[in-house]
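Structure at a glance
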Amino acid sequence: TFLQSIPNDAIPQRLINCITDPSSYGRGVEPERKLPIRASLVDEPWQTACSLVSHLRIASLENDGLSMLSLPRRYVWINTVKDVLQLEHILSYEKLVSVDSEWCTHGTVSTLQVAVEDRAWVVDLLPTDDVYRTTCRHLIQSLFRTSLVLGFSIGHDIPKLEAFLLDEPIPLENCLDLQLLWCSPQMPSLKACVSGFTNVQLAKEQQGSEWSRRPLTEMQLEYAALDAVILAYLLAEKDRCSESATP
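Residues numbered from 1 in each chain as written. Predicted model: local features only at pLDDT ≥ 70, side-chain atom pairs only at ≥ 80, totals over all residues. Heavy atoms only, no water.

**Some details on the sheet that holds strand S2 (residues 96-103)**
Applied cut-off: Any two strands with at least two DSSP bridges between them are considered paired. To qualify as a helix, a DSSP run of H or I must reach at least 4 residues; to qualify as a strand, a run of E must reach at least 2; elements of each kind are numbered from the N terminus. Only C-alpha atoms enter the line fits that serve as axes; for helices the fit covers just the stretch in contact. Angles between N-to-C directions range over 0 to 180 degrees. In this analysis, two residues are considered to be in contact whenever any of their non-hydrogen atoms come within 4.5 Å of each other.
Spatial ordering of the open sheet is given by S1-S4-S3-S2-S5-S6, a layout of 6 strands whose pairing is mixed. Every other strand in the sheet has two partners, leaving strand S1 (76-78) and strand S6 (175-177) as the edge strands with one partner each. Neighbour-to-neighbour, the strand axes of the sheet open up by a mean angle of 25°, direction not taken into account. Alignment of S2 against strand S5 (residues 148-151), held across 3 bridges, turns out to be parallel. Within the sheet, the bridge partner assigned to leucine 96 lies in S5 and is leucine 148. The strands touched by helix H3 (residues 81-91) within the sheet are S1, S2, strand S3 (109-116) and strand S4 (119-124), with S4 carrying the most contacts at an inclination of about 140°.

Have a look at this one:
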């Protein structure tokens, strides 16, 4: 084959991954970070997180006449130093924050999505201005140190964010991975988990779109924001389901 005809040390590992496993394209080769917190709703800090979202229901993200879940309110696009500083101030008062990120095809992180209940912010991480990037780094560092951070397969997002932080490690003590609550040999997707609590789909068509272009489209931004917003609602539904199953 083509790969066999070339010396192994002449082929970048990322290229090998993309050829042998097309689904890896754009994911990069950073290893997944393993979280120290066990995924159990009966333990802390999961119980605290559940208490903060207990009033949320995925049904509130359904709209009559639409086949897809939608944002309950418009996201906020963050791309200036002033915007980042204001967001950091807002988040400093929050005990639980949901996060997600989107990546460019070459593996660089493109956006950071942050949500508190039904509010969402999409932070642009591509600008090259030094002051802006330094301010964004401080936001990320502060977020992971001061709040419980809820993600889905967040171990894949963290290496991308650490690369943005110039390889400074992100503390994992406050990170909660929602995906790990589904005990399955093969980890389910976010879309599959959400489908267990609603007949309305979570749109994922924009996941593989081009995240290095600016401006991002309205569909990309709504998709990105909803992927963060949905996490607190999904945790609330999972907790209710677990309580009803307990004798």
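Read on for the rest.
**So, the confidence of the model for the chain**
Regions with low pLDDT carry predicted coordinates that are not meant to be interpreted in detail. Heads up, the rule is: pLDDT expresses how confident the predictor is about each individual residue, on a scale running from 0 to 100.
Mean pLDDT over the chain: 88, with 87% of residues reaching 70 or higher. pLDDT under 50 marks residues 8-28. Its contacts with residues more than four places away, or in other chains, come to 27 contacts.

**Description of the pattern of salt bridges**
So the rule is basically this: The salt bridge definition used is simple: a Lys or Arg side-chain nitrogen within 4 Å of an Asp or Glu carboxyl oxygen. In this scheme, a residue with accessible area under 20% of its type's maximum is buried, one over 50% is exposed, and one in between is partly exposed, where area comes from a 1.4 Å probe on protein chains only.
Following the criterion strictly, the structure yields 7 salt bridges and no others. A salt bridge links arginine 73 to aspartate 118, with the nearest nitrogen and oxygen atoms 3.5 Å apart. One end of the pair, arginine 73, is in the loop between helix H2 (46-53) and S1; the other, aspartate 118, is in the loop between S3 and S4, and 45 residues separate them in sequence. Looking at arginine 73, the relative accessible area reads 43%, which means it is partly exposed. The partly exposed category is assigned to aspartate 118, whose relative accessible area is 22%. The salt bridge involving arginine 74 is made with glutamate 218; its shortest N-O contact spans 2.7 Å. Separated by 144 residues along the polypeptide, arginine 74 in the loop between H2 and S1 and glutamate 218 in helix H7 (residues 218-245) bring together distant segments of the chain. Since its relative accessible area comes to 56%, arginine 74 is described here as exposed.

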